[in-house]
Amino acid sequence: MEMSRRRFLEVCGLGAMSLASVGVLAGCGGGTDSSTTPSGGTDAVANKDKPLVWFNRQPSNSSTGELDSAALNFNDKTYYVGFDANQGAEAQGKMVKEYIEKNIATLDRNGDGIIGYVLAIGDVGHNDSIARTRGVRSTLGTGVEKDGKVISDPIGTNTDGSSSLVKDATMEIGGKTYTVRELASQEMKNSSGSTWDAPTAGNAIGTWASSFGEQIDLIVSNNDGMGMSMFNAWSKDNKVPTFGYDANKDAVAAIAEGYGGTISQHADIQAYLTLRLLRNSLDGLDINTGISTADDAGNVLAEDTYKYVEADRSYYAMNVPVTTDNYKDFMDSTKIYDGVSKQLDSSKSPSKKVWLDIYNASDNFLSSTYQPLLQQYDKLLNLTVDYIGGDGQTESNITNRLGNPGEYDAFAINMVKTDNASSYTSLLS
């Protein structure tokens, strides 16, 4: 018996360790069995029953926007965390419209009576990008409806106002009627297939400026990464206001230099919810502990910072416009939310291991804002998180690194494409 035990350990590469010190192994995979409990629990938990949170990219059909109910109901511990895309889109559109109304005297750069804007679109198949494009077009009046919804497709160029995908709008300001026109828009997708691509946006504004620069009175972007690329490449020097989304640190700081504004999607709330839902599920607590009701440490969120839609199994953070009026309050985008900043008792919430991926390690918002927030919350919530950075192009670049899901207690997944939830759930089933 002793010889067979020693041989088992040698084959598994465990040297002289005793079986007692490593737990009962189902095989030399060190826990590849789907029923392994990695954190020392007494009850085996199959991977298919472990807590799962989708975040930032809601499982959905990229063509229709229909939610993927199978992914959102993978098990009874599955949720989505994001932000209220429609509310945020409306906020961005309203922010742009109010800027036009307040600054009309200096905004029409060539004096032609047309307020021309260009639009940087992130990902034509992403619900958040679709919502933001619709929000701007709806609020400014340039949207054209098809099947009851404002068209969100890129239009190419439209300097003469002849596009059938958008329309000219009018605004009455100070007794004068102005035309509002979307001069151009495109999906910012690079040659490798990565979307929301900042360098592509920087190149696009260069092309547009060389073709019809004097007609461009403002720039709108689906996010700050693309917005700041356009700002730095052209609009800052030409004093053309640029409006983004995400309240990234560099964008907020740039408001003092002429960046028009951005939208905070409360990344501090989203990051907390992403890990808090896993923590509550792991501890067998009511899912809203530390969210709508205070936990033992006193952590709780204010009611107006998020909402829960039960039918979607989704928690949505609320959005806040960031402009010259309040940008100083948002200078530190990685500051955690004060109401949920207290350390959990490790005797009640013992250490657990989480696998979490970021779809694109180069994404400005996720890598510079979201992940740093997660890394602060994981310590407060006693979670050991393995952060996996993807290439922004293929799911396999991420899923290939989930070869041993039995090693983890819970999972947080940020897909490259919203259609591809099954690429992950198949590894857990």
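Residues numbered from 1 in each chain as written. Predicted model: local features only at pLDDT ≥ 70, side-chain atom pairs only at ≥ 80, totals over all residues. Heavy atoms only, no water.

K.L.:
Please provide a residue-by-residue account of the pairing of strand β7 (residues 169-173), values included.
P.N.:
Alternating positions in β7 separate cleanly, Ala169, Met171 and Ile173 being buried on one face and Thr170 and Glu172 remaining unburied on the opposite face. The sheet contact formed by β7 and strand β8 (residues 176-187) spans 5 bridges and is antiparallel. Looking at the pairing, threonine 170 lines up with threonine 179 of β8. Between β7 and β8, which pair antiparallel one after the other, the connecting turn spans 2 residues, and glycine 174 there sits at a positive phi close to 60°. (Buried < 20%, exposed > 50% of the residue type's maximum accessible area, 1.4 Å probe, protein only. Helix = DSSP H or I, 4+ residues; strand = E, 2+ residues; numbered from the N terminus. Pairing = 2+ DSSP bridges.)

K.L.:
A description of the packing of aromatic side chains should follow, citing residues and the corresponding values.
P.N.:
Aromatic ring pairs are reported here in terms of the distance separating the ring centres and the angle at which the planes meet. In this structure the tally under the stated criterion is 12 aromatic pairs. Pairing tryptophan 54 with tyrosine 424 gives two aromatic rings, centres 6.5 Å apart and planes at 85°, and the pair type is edge-to-face. Placement of tryptophan 54 in strand β1 (residues 52-55) and of tyrosine 424 in helix α12 (residues 422-428) is noted, with a sequence separation of 370 residues between them. Exposure class is identical for tryptophan 54 and tyrosine 424. Each is buried. The structure contains a cluster of three or more aromatic residues connected by ring pairs, namely Tyr79, Tyr306, Tyr308 and Tyr315. Positioned above the aromatic ring of tyrosine 245 is the side chain of arginine 132, whose terminal nitrogen or guanidinium carbon lies 3.7 Å from the ring centre. Across the ring face of tyrosine 79, the terminal group of arginine 313 is positioned such that the distance to the ring centre comes to 4.4 Å. (Phe/Tyr/Trp six-rings, centres within 6.5 Å; stacked < 30°, edge-to-face > 60°. Lys NZ or Arg CZ within 6 Å of the ring centre and 35° of its normal.)

K.L.:
For the packing of helix α9 (residues 267-283) against helix α10 (residues 364-380), give the residues involved together with the corresponding values.
P.N.:
Where α9 contacts α10, the two axes come as close as 9 Å, and the packing angle between them is 50°. In this view, α9 runs oblique relative to α10, as classed from their interaxial angle. Here α9 and α10 pass one another in a crossing that is right-handed. Each of Ala267, Asp268, Gln270, Ala271, Tyr272, Thr274 and Leu275 in α9 lies in contact with α10, whose residues at this interface are Phe365, Thr369, Tyr370, Leu373, Leu374, Tyr377 and Asp378. (Axes fitted to C-alpha atoms, helices over the stretch in contact; angles between N-to-C directions. Parallel < 35°, antiparallel > 145°, perpendicular 65-115°, else oblique. Left-handed = near helix turned anticlockwise from the far one by under 90°. Contact = heavy atoms within 4.5 Å.)

K.L.:
Mind laying out the environment of serine 163, listing which residues take part and the relevant values?
P.N.:
Here serine 163 shows up in the loop between β6 (156-157) and β7. Serine 163 sits in the buried class, given a relative accessible area of 16%. Contacts of serine 163, omitting those with residues within four sequence positions, involve Ile155 and Asn158. In this structure the side chain of serine 163 is engaged in a polar contact, spanning 3.1 Å, whose partner is the backbone nitrogen of leucine 165. (Polar contact = N/O pair within 3.5 Å; in protein donor to acceptor, adjacent residues only side chain to side chain.)

K.L.:
Could you give me a rundown of the sheet that holds strand β2 (residues 78-83), with the residues and numbers involved?
P.N.:
Spatial ordering of the open sheet is given by β12-β13-β2-β1-β17-β15-β16, a layout of 7 strands whose pairing is mixed. Strand pairing shows two members of the sheet lacking a second neighbour, β12 (306-309) and β16 (383-389), which therefore form its edges. For this sheet, the mean inter-axis angle between neighbouring strands, taken without regard to orientation, is 20°. Bridging between β2 and strand β13 (residues 314-317) involves 4 bridges; their strand directions are parallel. The residue of β13 that forms the bridge with glycine 82 is tyrosine 316. Of the strands in this sheet, β1, β2, β12, β13, β15 (352-358), β16 and β17 (410-413) are in contact with α9, which crosses β2 at around 165°.

K.L.:
An account of the side chain of glutamine 265 is requested, with residue identities and associated values reported.
P.N.:
Its place among the elements puts glutamine 265 in the loop between β11 (262-264) and α9. Polar side-chain contacts of glutamine 265 include one of 2.5 Å to the side chain of aspartate 246. When neighbours within four sequence positions are excluded, glutamine 265 is seen to be in contact with Phe83, Arg132, Tyr245, Asp246, Gln270, Ala317, Met318, Asn319 and Phe365.

K.L.:
Tell me about the pattern of salt bridges, and name the residues and values.
P.N.:
Taken as a whole, this structure holds 13 salt bridges when the rule is applied. Between arginine 279 and aspartate 283 there is a salt bridge, with the nearest N and O atoms lying 2.8 Å from each other. Of this pair, arginine 279 and aspartate 283 both sit in helix α9, 4 residues apart, which is roughly one turn of that helix. A relative accessible area of 22% places aspartate 283 in the partly exposed class. (Salt bridge = Lys/Arg side-chain N within 4 Å of Asp/Glu carboxyl O.)

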